[in-house]
Amino acid sequence: MSYEVKIPDIGDFTEVPIVSILVSPGDTISEEDPLMELESDKATMEVPSPVSGKVIEIKVTEGTTVSEGSLVLLVEAEGGAPAPKPDAGDTPAAAAPAPALPVDTAPAPAPAVDTGFGKAHASPSVRAFARQLEIDIAKINGTGRKGRILREDITAYLKTTTAPAPAAATQSGMGIPPIPVVDFSKFGPVEDVEMPRIKKISGPALHRSWLNVPHVTHQDEADITELDKYRKEMDTMAKEDGYRVTLLSFVIKASVSALKEHWEFNSSIHPDGDKLIKKDFYNIGFAADTPNGLMVPVIKDADRKGLVDISKELMELSAKARAGELKGPDMQGATFTISSLGGIGGTSFTPIVNAPEVAILGLTRSKMAPVWNGEEFTPRLMQPLSLSYDHRAVDFSLAARFCVTLKTLLGDMRKLMW
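Summarised in this report is the structure supplied together with it. Computed from a predicted structure; not experimentally measured.

The next thing to look at is the overall build of the protein. Counting its regular elements, the protein contains 8 helices and 19 strands. Of all intrachain contacts in the protein linking residues separated by at least 6 positions in sequence, the fraction that spans at least 24 positions is 64%. Summed over its atoms, the accessible surface of the protein is roughly 21,200 Å², and 54% of this surface lies on carbon and sulfur atoms.

Structure follows, in structure tokens:
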């Protein structure tokens, strides 16, 4: 008896293109074997097989767009009967979710029509690279798996063709002149180093946000002298139970309180541009540093969790991010994001808003500084705050008030525990 294999829950994604089919009719597969790869603007996802058996028929082709429930192939299941259907919560593994940024997407300008999708085997990001260079991707031979065209193939083609590079004055996209292509090998030895998949996918999302959101960054400092003493006490006790308590746990807790007082920072701009979507839930995304780049897991319903619960979840999600085990739902639904560079350094920076969120908080390394208390200068531990926001939803004065609220909460442990 044949078993219909359909696309499982892939989160909020719809009409996602199939970039690679990994099996053929007649192949024998095992449960959880990858069947195909999908690639959205946020992640590349493998669709695992829900059964073991033999592939009878493939119902789709590379380049076809699919959504949850789309029929993709038929399998003759082992034992002659279909295996149980997967739970609704199962999702294809996200091979490379997006950083720092992103989880939900804002409406983007309509992409250029690519009539050669079914002929050329390449990911959307590679196709966009080819369009930027005005290269017909159908003329390129791919060197990747199953003939897939890679970015390096386009670069190699560019070096061998006599066609001139697009002029710097040529307009593209939103009327922004493209950066001219330069053959650096004329000046010295060069090497093409493949970018991590996370950066390939997150790059266009960051670029889109930067072009569409009028960014403003408000800089401030919070006195965390007393908070840090308490944090160290909690961390000492937490080590005995196998987890850690970091400053980020306190900042998440304080941010939720500040978001409740200044709801605009927890909103999104309505698609019609005339309204704000006020959200009555508080999901906090945080940038996790991994060997392959930044990922942004999300702590759901942070307003219902205490410092201990938040600390444990931070540790669990960070470990999953480093191991590449985050699933789509782990990175979706954020209403506000925090990007912390405290363990690395810096004094301030401008984090990019994760549209359709309207604000993101950046943290750099805290420092001891002399602070005037009205009578004398005393050493205090000061935490820099960098709040980037969408100026369409938030104005200067509201941003300053948000930071004042955040500073007050971080500076007085009693208020933070309310």
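A word on the nonpolar core. Ile252, Phe265, Phe336, Ile338, Leu361 and Leu387 are the most contacted members of the largest nonpolar core, which has 54 residues in total. For this core, the leading source of residues is helix α5 (residues 247-261), giving 9 residues. One finds Tyr3, Val47, Val55 and Ala77 within the second-largest nonpolar core, a separate group that totals 23 residues.

This part is about the pairing of strand β18 (residues 367-372). Where β18 lies against strand β19 (residues 377-390), 6 bridges are found, and the strand directions are antiparallel. Bridge pairing links Pro370 to Pro379 in β19.

Our focus in this paragraph is the environment of Gly342. Counting through the fold element by element, Gly342 comes out in the loop between β16 (336-340) and β17 (359-363). A sequence separation of 20 residues divides Gly342 from Gly362, and the C-alpha atoms of the two residues are 9.3 Å apart. Beyond its immediate chain neighbours, meaning those up to four positions away, Gly342 contacts Leu363, Thr364 and Arg365.

All right, on to unusual backbone geometry then. With an omega dihedral of 15 degrees, the bond running from Ala355 to Pro356 counts as a cis peptide bond. With respect to the element layout, Pro356 can be found in the loop between β16 and β17. Here Glu32, not a glycine, exhibits a phi torsion of approximately 80 degrees, which is positive. Here Glu32 lies in the loop between β3 (28-29) and β4 (34-39). On the basis of relative accessibility, which here comes to 54%, the residue Glu32 falls in the exposed class.

Here the focus is the side chain of Ser49. Mapped onto the secondary structure, Ser49 falls in the loop between β5 (44-48) and β6 (53-58). There is a polar contact of 2.5 Å between the side chain of Ser49 and the backbone oxygen of Val51.

Before going further, it helps to examine the environment of Ala258. Mapped onto the elements, Ala258 comes out in helix α5. Expressed as a C-alpha distance, the spacing of Ala258 and Arg401, which sit 143 residues apart in the sequence, is 9.4 Å. Not counting residues within four places of it along the chain, the set of residues in contact with Ala258 comprises Phe402, Thr405, Leu406 and Leu409.

Turning our eyes to something else, we now look at the sheet that holds β3. What the 4 strands build is an open sheet, ordered β1-β8-β6-β3; its pairing is antiparallel. Unpaired on one side and paired on the other, β1 (2-6) and β3 mark the two borders of the sheet. Relative to strand β8 (residues 71-77), β6 runs antiparallel, the two sharing 5 bridges. Looking at the pairing, Lys54 lines up with Glu76 of β8.

Take the packing of α5 against helix α6 (residues 307-322) next. Axis separation between α5 and α6 bottoms out at 9 Å; the angle between their running directions is 125 degrees. Classed by the angle they form, the pair α5 and α6 counts as oblique. Crossing handedness for the pair α5 and α6: right-handed. Of the residues in α6, those touching α5 at Leu248, Ser249, Phe250, Ile252 and Lys253 are Leu307, Ile310, Ser311 and Leu314. Among the residues forming the contact of α5 with α6, the class breakdown is 6 nonpolar, 2 polar and 1 charged.

With that settled, the discussion passes to the side chain of Ser255. In this fold, Ser255 is placed in helix α5. You can call Ser255 buried: its relative accessible area is 0%. The residues touching Ser255, leaving out its near neighbours within four places in the chain, are Phe336, Ile338, Leu361 and Leu406.

Here we take up the pattern of salt bridges. When their charged atoms lie close together, side chains carrying opposite charge are able to pair. Summed over the entire model, instances satisfying the criterion amount to 14 salt bridges. Measuring nitrogen to oxygen at the nearest pair gives 3.8 Å for the salt bridge that ties Glu226 to Lys229. Taken together, the positions of Glu226 and Lys229, both in helix α4 (residues 225-240) and 3 residues apart, correspond to about one turn of that helix. When its relative accessible area of 40% is taken as the criterion, Glu226 is described as partly exposed. A single network of salt bridges, built from pairs that share partners, joins Asp223, Glu226, Lys229 and Arg380.

There is a patch of nonpolar side chains on the surface, built from Val182, Phe184, Phe187 and Val190 and spanning about 430 Å² of accessible area. With respect to the helices and strands, the residue Val182 is situated in the loop between α2 (151-160) and α3 (197-212). On the accessibility criterion, Val182 (39% relative accessible area) is partly exposed.

Looking now at α3. The end-to-end C-alpha distance of α3 is 24 Å, a good match for the 22 Å that 16 residues give at a rise of 1.5 Å each. At Gly203, α3 shows its maximal bend, which comes to roughly 30 degrees, and the proline Pro204 appears one to four places after that position. Of the residues making up α3, those classed as buried are Ile198, Ile201, Ser202, Ala205, Arg208 and Ser209.

Another point: the packing of aromatic side chains. Going through the model one piece at a time under the given rule, you end up with 4 aromatic pairs. Here Tyr230 and Phe250 contribute two aromatic rings whose centre-to-centre distance is 6.2 Å and whose plane-to-plane angle is 80 degrees, an arrangement assigned as edge-to-face. Here Tyr230, found in helix α4, pairs with Phe250, found in helix α5; they are 20 residues apart in sequence, far enough to count as distant. Look at Phe250 and you get buried, because its relative accessible area is 0%. Centroid distance Trp372 to Phe377: 5.0 Å. Interplanar angle 65 degrees. Geometry classified as edge-to-face.

Reading the values: rules and limits
- Residues numbered from 1 in each chain as written.
- Predicted model: local features only at pLDDT ≥ 70, side-chain atom pairs only at ≥ 80, totals over all residues.
- Heavy atoms only, no water.
- Helix = DSSP H or I, 4+ residues; strand = E, 2+ residues; numbered from the N terminus.
- Contact = heavy atoms within 4.5 Å.
- Areas by Shrake-Rupley, 256 points an atom, 1.4 Å probe, with all protein chains shown as cover.
- Core = buried A, V, L, I, M, F, W, Y, C linked by side-chain atoms within 4.5 Å.
- Buried < 20%, exposed > 50% of the residue type's maximum accessible area, 1.4 Å probe, protein only.
- Pairing = 2+ DSSP bridges.
- Polar contact = N/O pair within 3.5 Å; in protein donor to acceptor, adjacent residues only side chain to side chain.
- Axes fitted to C-alpha atoms, helices over the stretch in contact; angles between N-to-C directions.
- Parallel < 35°, antiparallel > 145°, perpendicular 65-115°, else oblique.
- Left-handed = near helix turned anticlockwise from the far one by under 90°.
- Nonpolar A, V, L, I, M, F, W, Y, C, P; charged D, E, K, R; others polar.
- Salt bridge = Lys/Arg side-chain N within 4 Å of Asp/Glu carboxyl O.
- Patch = residues over 30% accessible without salt bridge, like charges linked within 9 Å, V, L, I, M, F, W, Y side chains within 5 Å.
- Expected span 1.5 Å × (residues − 1).
- Bend = angle between axes of the 7 residues up to and from the residue.
- Phe/Tyr/Trp six-rings, centres within 6.5 Å; stacked < 30°, edge-to-face > 60°.

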